[in-house]
Amino acid sequence: DEIEFYSTDDDDDANNGDDVGGGDGNDNERCLLDLPITMTKTATSGSQTHDHDCQFRLFLVSGTGHALKKQSAYHQEDSTLPLSHLLCQFIANFYPQIVVTQFCSDKDIFHYVENTKFVHSKLRPAIDEQRAFLAAKHGKHWKRFFGLSMSLGDGTPARLSAIIEGLRTFEPDMLHMFRRKTLWIEYPNIRQLWESDLEHLRFDQLETYPAIPVTEITDDMILGMVCEMKQWRDAFLSNAVENAHSEMASFWLRKTLQPVLAILCVQKPKQSALYYRGVNVEVSMPTGSLCAERNAIGTALAADPSLRREHIKAVAVLFMGEFATATVERKLHASATKQ
């Protein structure tokens, strides 16, 4: 399920936007676009398709440090072009199934404006083309077959920030190689890549705060919400999952079987905090589903119509994935019993 390969910046005007390396151009079931900036990228195919249905596209990005140095005989020392040629040769020889496309900014990579122009005039259109192809082929399910990863290891601040911000709408994963000298330390005993030197971060991990141990929480309101959520979770498991007479799966969550619990903290001036529970409702309704947070807010407002917006201090949300698992197991057990 994994393909490992080296990757960095690359290319010049002659090869700008040209496909090199392997790939037969056939329309495959999944297209994974990889935009490496320096060092190593590991691409993993999704669980929805098999390896032979997955097409990997590698975008190699290059540039020159200072355009004025082209007047010097040594201006190529500021370019990543030689390394890009080496990478293309390596990939073509060892991973011919990967389609490599080279892009060169041909501008000063230290200037943010020039990098922004490059991202929006070269990289985004190329990615949009692949996304449009998948949308035409798979319709509303195109996101299941599309994945974008960026390899981060080194580069100018202007280059990195322009690429990250410019491609954020694609929700890319990040692969960060933070120890790059292992290769030289271990040479010549090089047989594999060192996963301990890499960080693979999914987009949702980058967009959220890291988990904090409860023992490190000192805020009384947050601790109160954690306590309330634990009690709500246990009550839900007891009454909705373990209770065979519950209609949670057969009616209230029949559309998704994906329960979400919420705890809303309300506190008025000079009063103690109050907590309200909420759960999502997923039945056939003209207005769609009712989320757990809205449910909790409605419960609080019904309990106290004088509630003001500034009285709402915080909301906690918990996804109960074990509910769906227990429901499926119960159905399988019931089916086996009937047989």
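In this report, the structure presented in the accompanying data block is examined. (Residues numbered from 1 in each chain as written. Predicted model: local features only at pLDDT ≥ 70, side-chain atom pairs only at ≥ 80, totals over all residues. Heavy atoms only, no water.)

**A few points about the overall build of the protein chain**
The helix and strand tally for the protein chain stands at nine helices and 12 strands. Counted over contacts in the protein chain with a minimum sequence separation of 6, partners at least 24 positions apart contribute 73%. Carbon and sulfur atoms make up 53% of the accessible area of the protein chain, which totals about 20100 Å². (Helix = DSSP H or I, 4+ residues; strand = E, 2+ residues; numbered from the N terminus. Contact = heavy atoms within 4.5 Å. Areas by Shrake-Rupley, 256 points an atom, 1.4 Å probe, with all protein chains shown as cover.)

**A few points about the nonpolar core**
Counting residues in each nonpolar core, the largest one holds 18 residues, and the members touching the most others are Leu123, Ile127 and Leu167. Secondary-structure elements contributing two or more residues to this core are strand 5 (54-64), helix 2 (112-138), strand 7 (146-152) and helix 3 (157-166). Sorting elements by how many residues they give to this core places helix 2 first, with six residues. (Core = buried A, V, L, I, M, F, W, Y, C linked by side-chain atoms within 4.5 Å. Buried < 20%, exposed > 50% of the residue type's maximum accessible area, 1.4 Å probe, protein only.)

**Focus: the packing of aromatic side chains**
Counted according to the given criterion, the structure contains seven aromatic pairs. Here the aromatic rings of Phe90 and Phe94 are separated by 5.0 Å at their centres, their planes lie at 40°, and the arrangement is tilted. Here the residue Phe90 and the residue Phe94 both occupy positions in helix 1 (residues 81-94), the gap between them amounting to four residues, near one helical turn. Among the residues examined, Phe90 registers a relative accessible area of 25% and is labelled partly exposed. For Phe94, a relative accessible area of 56% corresponds to the exposed category. Seen from their ring centres, Phe146 and Phe170 are 6.2 Å apart, and the 45° between their planes marks the pair as tilted. Of this pair, Phe146 sits in strand 7 while Phe170 sits in the loop between helix 3 and strand 8 (173-177); the two residues are 24 residues apart in sequence, bridging distant segments of the chain. (Phe/Tyr/Trp six-rings, centres within 6.5 Å; stacked < 30°, edge-to-face > 60°.)

**A closer look at helix 3**
Helical geometry: 3.6 residues make up each α-helical turn, so side chains three or four residues apart lie on a common side. Residues of helix 3 that are buried include every one of Ala158, Arg159, Ala162, Ile163 and Gly166, and no others. Buried positions in helix 3, seen along its axis, are confined to an arc of 120° and lie on one side of it. Among the exposed residues of helix 3, those oriented more than 90 degrees off its buried face are Pro157 and Glu165. (Arc of directions from axis to C-beta.)

**Digging into the sheet that holds strand 11 (residues 274-279)**
Sheet architecture is open: three strands sit in the order 11-10-12, paired in antiparallel fashion. The open sheet terminates on both sides in strands that have one partner only, identified here as strand 11 and strand 12 (312-319). Averaged over all adjacent pairs, the angle separating strand axes in this sheet is 20°, with direction ignored. Bridge analysis of strand 10 (residues 260-266) against strand 12 gives seven bridges, and the strand direction is antiparallel. Across the sheet, Val266 pairs through a bridge with Ile312, a residue of strand 12. Helix-sheet contacts for helix 6 (residues 220-241) involve strand 10, strand 11 and strand 12, and the interaxial angle to strand 10 is about 145°. (Pairing = 2+ DSSP bridges. Axes fitted to C-alpha atoms, helices over the stretch in contact; angles between N-to-C directions.)

**A closer look at the layout of surface pockets**
It is the rolling of a water-molecule-sized probe over the atoms that shows where space remains empty. The calculated volume of the second largest pocket comes to roughly 460 Å³. As for the second largest pocket, its lining consists of 15 residues, of which Ile212, Ile217, Ile222, Val226 and Ala316 are closest to the centre. For the lining of the second largest pocket, the residue count by class is 13 nonpolar, no polar and two charged. (1 Å grid on protein atoms, 1.4 Å probe; cavity = no way out; pocket = protein on both sides within 12 Å on 5 of 7 lines; lining within 4 Å. Points joined across faces, edges and corners; volume = space filled by probe spheres on them. Nonpolar A, V, L, I, M, F, W, Y, C, P; charged D, E, K, R; others polar.)

**Looking at unusual backbone geometry**
Although it is not a glycine, Leu257 sits at a positive phi angle of roughly 55°. Here Leu257 is to be found in the loop between helix 7 (248-252) and strand 10. Positive phi, close to 65°, is recorded for Lys270, a residue that is not glycine. Assignment of secondary structure puts Lys270 in the loop between strand 10 and strand 11.

**Section: the side chain of His311**
Here His311 is to be found in the loop between helix 8 (292-303) and strand 12. When neighbours within four sequence positions are excluded, His311 is seen to be in contact with Cys265, Val266, Gln267, Lys268, Pro269 and Ser306.

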